[in-house]
Amino acid sequence: MLVCGTMTAAEIRAKIEPEVPGATAEVRDYTGTGDHFQVRVVAPAFEGLTRVERHQLVYRALGAAVDGTTIHALALETLT
């Protein structure tokens with residue numbers, strides 16, 4: 001659920017985990033404003049992928065939320 005152009009860490013996790021096979025996501029709102037997040041995703045689906053390809057999977061899962069108005073900043077760590 002989006003509220004006034006912000007998201008919660010739980011909402012981000014709920015978008016990523018079902019879309020990236022086997023993923024476990026840890027999400028932290030590092031400013032408390034609902035638009036700057038640090039995300040750590042561990043997934044076997046990342047095996048053999050480049051960092052860019054891993055990030056593309058996560059961005060695809062988040063869809064329009066990474067449009068710059070809902071999520072302004074996203075620091076990703078993607079691991080197998």
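All of these numbers come straight from a predicted model, not from anything done at the bench.

Caption draft 1: Summary view of the sheet that holds strand 1 (residues 24-29). Spatially, three strands are ordered 1-2-3 in an open sheet, and the strand pairing comes out mixed. Edge positions in the sheet fall to strand 1 and strand 3 (73-79), since each of these pairs with one other strand and no more. Looking at each pair of strands side by side, their axes are set apart by 15° on average, direction ignored. The pairing of strand 2 (residues 36-42) with strand 3 spans seven bridges and is parallel. Within the sheet, the bridge partner assigned to Val41 lies in strand 3 and is Thr78. The strands touched by helix 1 (residues 9-19) within the sheet are strand 1 and strand 2, with strand 1 carrying the most contacts at an inclination of about 155°.

Caption draft 2: Seen up close, the pattern of salt bridges. Per the stated rule, a full pass over the model turns up two salt bridges. Where Arg40 meets Glu77, a salt bridge forms, and the shortest distance between an N and an O atom there is 3.4 Å. Of the two residues, Arg40 is situated in strand 2 and Glu77 in strand 3; the sequence distance between them amounts to 37 residues. Given the relative accessible area of 32%, Arg40 is considered partly exposed. With relative accessibility at 38%, the residue Glu77 sits in the partly exposed group. Salt bridges here are not isolated pairs; linked through shared partners, they connect Glu26, Arg40 and Glu77.

Caption draft 3: Layout of the nonpolar core. Core analysis: the largest hydrophobic core is formed by 18 residues, its most contacted members being Ile12, Ile16, Val39, Val41 and Ile71. Looking at this core, the elements that each hand over two or more residues are helix 1, strand 1, strand 2, helix 2 (51-62) and strand 3. Top element by residues in this core is strand 2. It accounts for three residues. Among residues more than four places away in sequence, those in contact with Ile16 are Ala25, Val39, Val41, Val58, Ala61 and Leu62.

Caption draft 4: Structural context of helix 1. When we look at burial in helix 1, the residues that qualify are Glu11, Ile12 and Ile16. Viewed end-on, helix 1 has its buried residues packed into an arc of 125°, placing them on one side of the element. Away from the buried face of helix 1 by more than 90 degrees, exposed residues Ala14 and Pro18 are located. For helix 1, the secondary structure elements touched by its buried residues are strand 1, strand 2 and helix 2.

Rules used in this analysis
- Residues numbered from 1 in each chain as written.
- Predicted model: local features only at pLDDT ≥ 70, side-chain atom pairs only at ≥ 80, totals over all residues.
- Heavy atoms only, no water.
- Pairing = 2+ DSSP bridges.
- Helix = DSSP H or I, 4+ residues; strand = E, 2+ residues; numbered from the N terminus.
- Axes fitted to C-alpha atoms, helices over the stretch in contact; angles between N-to-C directions.
- Contact = heavy atoms within 4.5 Å.
- Salt bridge = Lys/Arg side-chain N within 4 Å of Asp/Glu carboxyl O.
- Buried < 20%, exposed > 50% of the residue type's maximum accessible area, 1.4 Å probe, protein only.
- Core = buried A, V, L, I, M, F, W, Y, C linked by side-chain atoms within 4.5 Å.
- Arc of directions from axis to C-beta.

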